[in-house]
Amino acid sequence: MTKKTRNIFLIIAGALILLNIIALIINHGSGPKNLAGALARSGTTVKINEAAIPSYQFKNSVYIAAEDLQLFGFAVEKNKSEVHISNAEEDYSFREDYSSSLSHLKDGTNVEHTELSVYLNGDKIQAYTAKDYTLIPLRVLDTIGVCEKSDSSNAILCTLTSKNDKQANAGTKAQPDEVSVTPPTVEPNRRSSSGLGTGTYSGSSVSGTSISGSKVIVLDPGHGKASQDMSSEEKKNSGWIYNEDRGQWGEWRHWKSGTVRQDCEGSGCSGRTPSGGGEWYPIGNGDRDTEPDINLQNCLAAKKYLEQKGYTVRLTRSSNNENPSITQRLTYCYPSQNTSASPDADAFVCVHSNAGGGSGTSYISLSGDYDQKGIPSDYAAQGNALGKAINDKIAELTELTNSGSIDGEPELIAFCKSPVICAYLEIGFFDNSSDLSILKSDSDTIGKAIAEGIDSYFN
């Protein structure tokens with residue numbers, strides 16, 4: 001090899017090494033493209049039909065690997081765009097042959113947003129991916145069985161009822177003329193810890209004494225007039241603040257810790273901010289086109305049905321020519337919007353529609369600690385119970401699929417500032433033509449479902 005050839009070879013080799021080093025630096029710095037976070041091994045034991053499976057903690061919820069459900073006869077079929085988890089036979093008996101293949105993901109394993117649509121028995125569900133596994137929230141099993149916290153141990157016990165068991169039990173059920181109904185013993189003004197009364201609920205009638213006449217509900221039709229169409233005076237009168245340092249209108253996400261009606265202004269805040277966000281929320285982030293009228297029509301219909309049931313209802317806006325800040329919308333939780341008095345509302349219900357290419361109706365879940373003054377100790381649990389009750393009723397009465405809870409956004413302004421329990425609905429996807437057709441043509445039914453969901457929670 002001549003000296004010239006050797007030098008050329010060394011230059012090429014050096015260039016290749018340099019390119020590899022640069023690629024490693026870039027890849028290390030950027031991380032996975034769709035990174036959602038990191039999981040932890042759950043400290044909770046999960047048993048399905050008495051067989052333990054691995055469980056994982058992510059975003060304050062318990063998740064399992066969909067692939068582990070093959071232990072109970074489920075098929076998990078994947079293609080380029082979808083994952084289908086199904087058990088057509090409804091036979092959930094234990095499959096010993098799969099027990100050696102259970103997932104064992106380590107603490108700190110990266111969790112990514114999946115680009116696949118995931119379905120459980122045909123219903124779209126929330127999911128993430130971790131390595132080669134599809135992670136699904138344990139709560140979705142409630143659609144095919146019952147999952148309950150054990151009283152004697154830190155375990156969640158899930159029972160899936162097979163078709164054979166259903167058929168065997170069918171012959172033991174009482175005939176219609178044998179049925180007896182026992183009125184609930186729960187006091188009319190008392191709720192169980194889950195937020196749902198212990199009386200029996202069917203349709204729009206609730207056994208026991210209705211308490212609707214003493215309840216005040218604030219309905220918040222999300223968004224409103226576009227910010228670029230609002231004058232500075234209009235923004236100020238609508239509760240928005242001009243931030244001199246940022247040169248823009250918006251509002252602060254939190255009160256000072258332990259207070260209400262005292263903006264944190266970047267100091268003394270709870271520190272609960274969304275990924276990539278901050279304590280400040282610019283007004284333009286809430287601008288929408290199609291959604292504001294959808295939200296308003298749903299709330300107007302809900303108001304009608306709630307008032308028929310005896311509730312007092314307050315709307316945070318009554319036209320699409322308004323766009324109050326969340327901070328101002330929450331003043332409706334007080335008598336005559338007098339924030340120096342104690343709040344007299346029983347719930348603040350945010351009504352929105354979603355976007356981003358999905359489908360179905362959901363509610364955004366609260367999680368963790370909220371520190372605004374005056375809220376109950378079970379503020380998050382009660383808000384989730386209310387959100388679930390409403391969302392389940394919407395899915396029951398409309399053609400929108402039930403997508404359950406959205407678990408990754410507990411830092412919403414309404415959650416962090418509301419002085420009363422708060423539910424946040426994302427009803428359908430207005431950028432999905434099928435959902436949009438329902439949203440535009442069936443607002444009366446959606447409103448009725450909102451009212452019945454609220455009524456079922458309080459009764």
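The paragraphs below set out a description of the structure included in this document.

Moving on, we come to the overall build of the chain. When you go through the chain residue by residue, the secondary structure sums to 9 helices and 26 strands. Across the 459 residues in the chain, those meeting the buried criterion constitute 45%. A sequence separation of at least 24 residues applies to 70% of the contacts in the chain between residues at least 6 apart. When the accessible surface of the chain is summed, it comes to about 22,900 Å², and 48% of that surface belongs to carbon and sulfur atoms.

Okay, helix H8 (residues 433-441) next. If you check which residues of H8 are buried, you get Asp435, Leu436, Ile438 and Leu439. Angularly, the buried residues of H8 cover 160° about the axis, an arc narrow enough to put them on a single face. Of the exposed residues in H8, those oriented more than 90 degrees away from the buried face are Ser433, Lys440 and Ser441. Where the residues of H8 are buried, they touch helix H4 (291-308), strand S23 (347-354), strand S26 (422-429) and helix H9 (443-458). Near the N-terminus of H8, the side chain that reaches the backbone nitrogen of Ser434, with its oxygen 2.9 Å away, is that of Asn432.

Evaluation of the coordinates by the stated rule reveals 1 cavity of 30 Å³ or more. Estimated volume of the largest cavity: approximately 30 Å³. In this structure, the largest cavity is lined by His254, Ser270, Arg272, Asp369, Tyr370, Asp371, Gln372 and Cys416. Across the lining of the largest cavity, the residue classes tally to 2 nonpolar, 3 polar and 3 charged.

Taken as a whole, this structure holds 12 salt bridges when the rule is applied. One salt bridge connects Asp263 with Lys417, and the closest N-O pair in it is separated by 2.7 Å. Of this pair, Asp263 sits in the loop between strand S20 (248-252) and strand S21 (280-282) while Lys417 sits in helix H7 (residues 413-417), and the two are 154 residues apart along the sequence. Taking the relative accessible area as the measure of exposure, Asp263 reaches 19% and is therefore buried.

As a further point, take the sheet that holds strand S2 (residues 40-41). The antiparallel open sheet is built from 7 strands, whose spatial order is S1-S9-S12-S13-S6-S5-S2. Lying at the two open borders of the sheet, with one neighbouring strand each, are strand S1 (35-38) and S2. In this sheet, strand S9 (residues 110-113) lies alongside S1 in antiparallel orientation, the contact comprising 3 bridges. From the neighbouring strand, Ala38 faces S9, where its bridge partner is Asn110.

This part is about the sheet that holds S20. The 3 strands are arranged S19-S20-S21 in an open sheet whose pairing can be described as antiparallel. At either margin of the open sheet sits one strand with a lone partner, and together these are strand S19 (241-243) and S21. Recorded for the sheet is a direction-independent mean angle of 55° between the axes of neighbouring strands. Bridge analysis of S19 against S20 gives 3 bridges, and the strand direction is antiparallel. Directly across from Asn243, in S20, lies its bridge partner Gln248.

Another aspect to go through is the packing of aromatic side chains. Here the structure, examined in full by the defined rule, presents 9 aromatic pairs. Between Phe72 and Phe94, the ring centres sit 6.4 Å apart and the planes meet at 65°, which makes this aromatic pair edge-to-face. In this pair, Phe72 is assigned in the loop between strand S6 (61-65) and strand S7 (75-78) and Phe94 in the loop between strand S8 (82-86) and S9, connecting sequence segments 22 residues apart. Of note, Lys417 hangs over the ring of Trp255, and the distance from its end group to the ring centre comes to 4.2 Å.

Disulfides are covalent bonds that link the sulfur atoms of two cysteine residues. Applying the stated criterion across every chain yields a total of 0 disulfides. Of all cysteine sulfurs, the one in Cys422 lies closest to Cys350, which takes part in no disulfide; the gap is 4.2 Å. Judged by its relative accessible area of 1%, Cys350 is buried. Here Cys416 is not disulfide-linked; the sulfur of Cys264 is the nearest cysteine sulfur, at 9.6 Å. By relative accessible area, Cys416 is classed as buried at 5%.

Another aspect to go through is the side chain of Ser456. Structurally, Ser456 can be placed in helix H9. Residue classification places Ser456 among the buried residues on the basis of a relative accessible area of 14%. At 2.8 Å, the side chain of Ser456 forms a polar contact with the backbone oxygen of Gly453.

Ranked by size, the top nonpolar core spans 64 residues in total, and within it Leu219, Val349 and Ile454 carry the most contacts. The next biggest cluster of nonpolar side chains, apart from the first, holds 29 residues, and it includes Val62, Ala127, Ile144 and Cys158.

Glancing now at helix H6 (residues 379-397). Helical periodicity: at 3.6 residues per turn, an α-helix aligns residues three or four positions apart in one direction. Here H6 contains 19 residues, and its C-alpha end-to-end distance of 27 Å stays within 8% of the 27 Å for a straight helix at 1.5 Å per residue. Burial within H6 is extensive, with 14 of its 19 residues counted as buried.

Let us now look at the environment of Gln328. By secondary structure assignment, the location of Gln328 is in helix H5 (residues 326-329). The class of Gln328 is partly exposed, set by a relative accessible area of 25%.

Let us look at the side chain of Ser238. Its location among the elements puts Ser238 in the loop between helix H3 (232-237) and S19. There is a polar contact of 2.8 Å between the side chain of Ser238 and the backbone oxygen of Glu234. Setting aside residues up to four positions removed in sequence, Ser238 forms contacts with Met230, Asn323, Pro324, Ser325 and Gln328.

The next thing to look at is unusual backbone geometry. Phi angles above zero are rare outside glycine, and Asn121 is one such case at about 50°. Positionally, Asn121 belongs in the loop between strand S10 (117-120) and strand S11 (123-125). On the accessibility criterion, Asn121 (34% relative accessible area) is partly exposed.

Calculation notes
- Residues numbered from 1 in each chain as written.
- Predicted model: local features only at pLDDT ≥ 70, side-chain atom pairs only at ≥ 80, totals over all residues.
- Heavy atoms only, no water.
- Helix = DSSP H or I, 4+ residues; strand = E, 2+ residues; numbered from the N terminus.
- Buried < 20%, exposed > 50% of the residue type's maximum accessible area, 1.4 Å probe, protein only.
- Contact = heavy atoms within 4.5 Å.
- Areas by Shrake-Rupley, 256 points an atom, 1.4 Å probe, with all protein chains shown as cover.
- Arc of directions from axis to C-beta.
- Polar contact = N/O pair within 3.5 Å; in protein donor to acceptor, adjacent residues only side chain to side chain.
- 1 Å grid on protein atoms, 1.4 Å probe; cavity = no way out; pocket = protein on both sides within 12 Å on 5 of 7 lines; lining within 4 Å.
- Points joined across faces, edges and corners; volume = space filled by probe spheres on them.
- Nonpolar A, V, L, I, M, F, W, Y, C, P; charged D, E, K, R; others polar.
- Salt bridge = Lys/Arg side-chain N within 4 Å of Asp/Glu carboxyl O.
- Pairing = 2+ DSSP bridges.
- Axes fitted to C-alpha atoms, helices over the stretch in contact; angles between N-to-C directions.
- Phe/Tyr/Trp six-rings, centres within 6.5 Å; stacked < 30°, edge-to-face > 60°.
- Lys NZ or Arg CZ within 6 Å of the ring centre and 35° of its normal.
- Disulfide = S-S within 2.5 Å.
- Core = buried A, V, L, I, M, F, W, Y, C linked by side-chain atoms within 4.5 Å.
- Expected span 1.5 Å × (residues − 1).

Limitation: the analysis is restricted to geometry and does not speak to function.
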